[in-house]
Amino acid sequence: MKKDFLSIADYSKDEILRLFDITKELKDKTRRKEEHHLCKGLSMSMIFAKPSARTRISFETGMYQLGGYALYLSPADIGIGAREAIKDIAQVISRYNDIIMARLFAHAHILELAKYATVPVINGLTDYNHPCQVMADIYTVLEHRTNLNDLKVVFIGDGNNVANSWINLAAKLPMHLVICSPSGYEPDAGTLQYARSQSISTIEILSDPVSAVKDADVVYTDVWASMGQEAEAAKRKKIFIPFQVNSALMKHARKDAYVMHCLPAHRGDEITDEVIDSAQSIVFDEAENRMHVQKAIIVKLLNKM
Ligand code: CP
Ligand code: NVA
């Protein structure tokens, strides 16, 4: 049976930690410029229904470093679900490529793609979640902290795809996770209920940023309007202003708290220049680790490690 990477919820704690072992090994090899062509002769289609910098660059470069080949399919190319039915394109690509990465709008679409594809499918973001991002995020935290003991992560802002993946992660690895959002912009209720039912982490939903960041080890934020929500941007900006991560707010977190952002950042909106450019910010380590973690996911799904 082929395995996909669609949600952290589909992976056990041991599987997640194994992926991190592989990540470390591949990252070390990459740093040493040591060849690691584990996917020689293999190819990956990358379907993008939304824009991307990091996801495209990190997957395409990562597949190259693994000795394989990655094809970029832009939003104009396939017209997934419009020009062509998902179940058809899933079966067609499965005849050409060994693995698929897709960034789509509806989460139901990636589930359908994975259902009909006979090769593994990796989720490169949907409206619901962004699992590769949060895997890279927690890997980055582990690099900086070595363990997760008493880790408090505070996500400030929209209860969006990235927030939902953090909640899914908290169902697997122990932490104190706080999602601090304005009323009406909380994360997915079903995901929250599932994660709390696992009794692995303490998960709080708060609406006051100052009390939320108290004792935080990690202060995380993301854009106020995600891709696809551009028409709501002006309205959201008014609502989210009190949720800006700025130096005044950071004074309430631990002095050595890390600042994280999945990027792209809207500097001056959800995060100020002085915070994202501060010594506490690990956003570029986070961005780099997208590639190393995703390479681990690819080699695992292709049974190469
Ligand atoms: N963080 C992230 O997924 O970035 P892109 O949208 O640029 O791929
Ligand atoms: N929440 C953002 C994440 C971008 C990587 C979006 O979906 O646009």
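The coordinates are above.
The structure contained in this document is the topic of the report that follows. (Residues numbered from 1 in each chain as written. Chains lettered and ligands numbered in written order. Predicted model: local features only at pLDDT ≥ 70, side-chain atom pairs only at ≥ 80, totals over all residues. Heavy atoms only, no water.)

## Here's the deal with the pattern of salt bridges
Point 1. Going through the model one piece at a time under the given rule, you end up with 18 salt bridges.
Point 2. Note that Arg32 and Glu34 form a salt bridge whose closest N and O atoms lie 2.8 Å from each other.
Point 3. Where Arg236 meets Asp158, a salt bridge forms, and the shortest distance between an N and an O atom there is 3.1 Å. Taken together, the residues span a long stretch of sequence, with Arg236 in helix H9 (residues 233-240) and Asp158 in the loop between strand S5 (152-156) and helix H6 (161-170) at a distance of 78 residues. The pair formed by Arg236 and Asp158 is uniform in burial state, with each residue classed as buried.
Point 4. Put simply, Arg145, Asp217, Arg254 and Asp256 are held in one network by salt bridges that share partners. (Salt bridge = Lys/Arg side-chain N within 4 Å of Asp/Glu carboxyl O. Helix = DSSP H or I, 4+ residues; strand = E, 2+ residues; numbered from the N terminus. Buried < 20%, exposed > 50% of the residue type's maximum accessible area, 1.4 Å probe, protein only.)

## Re the site of ligand 2
Point 1. Taken together, Leu125, His130, Asn160, Asn161, Asp222, Val223, Ser226, Met227 and Leu263 are the residues near ligand 2.
Point 2. Within the side chain of Asp222, a nitrogen or oxygen atom sits 2.7 Å from a nitrogen atom of ligand 2.
Point 3. Here Ser226 contributes a side-chain N or O atom positioned 2.7 Å from a nitrogen atom of ligand 2.
Point 4. Against a free-state accessible area of 270 Å², the protein chains account for coverage of 95% of ligand 2.
Point 5. Assessed atom by atom at 2 Å from the grid points, ligand 2 resides in the largest pocket.
Point 6. Its residues placed into classes, the shell around ligand 2 shows four nonpolar, four polar and one charged. (Near = heavy atom within 4 Å. Polar contact = N/O pair within 3.5 Å; in protein donor to acceptor, adjacent residues only side chain to side chain. Areas by Shrake-Rupley, 256 points an atom, 1.4 Å probe, with all protein chains shown as cover. 1 Å grid on protein atoms, 1.4 Å probe; cavity = no way out; pocket = protein on both sides within 12 Å on 5 of 7 lines; lining within 4 Å. Sits in = over half its atoms within 2 Å of the grid points. Nonpolar A, V, L, I, M, F, W, Y, C, P; charged D, E, K, R; others polar.)

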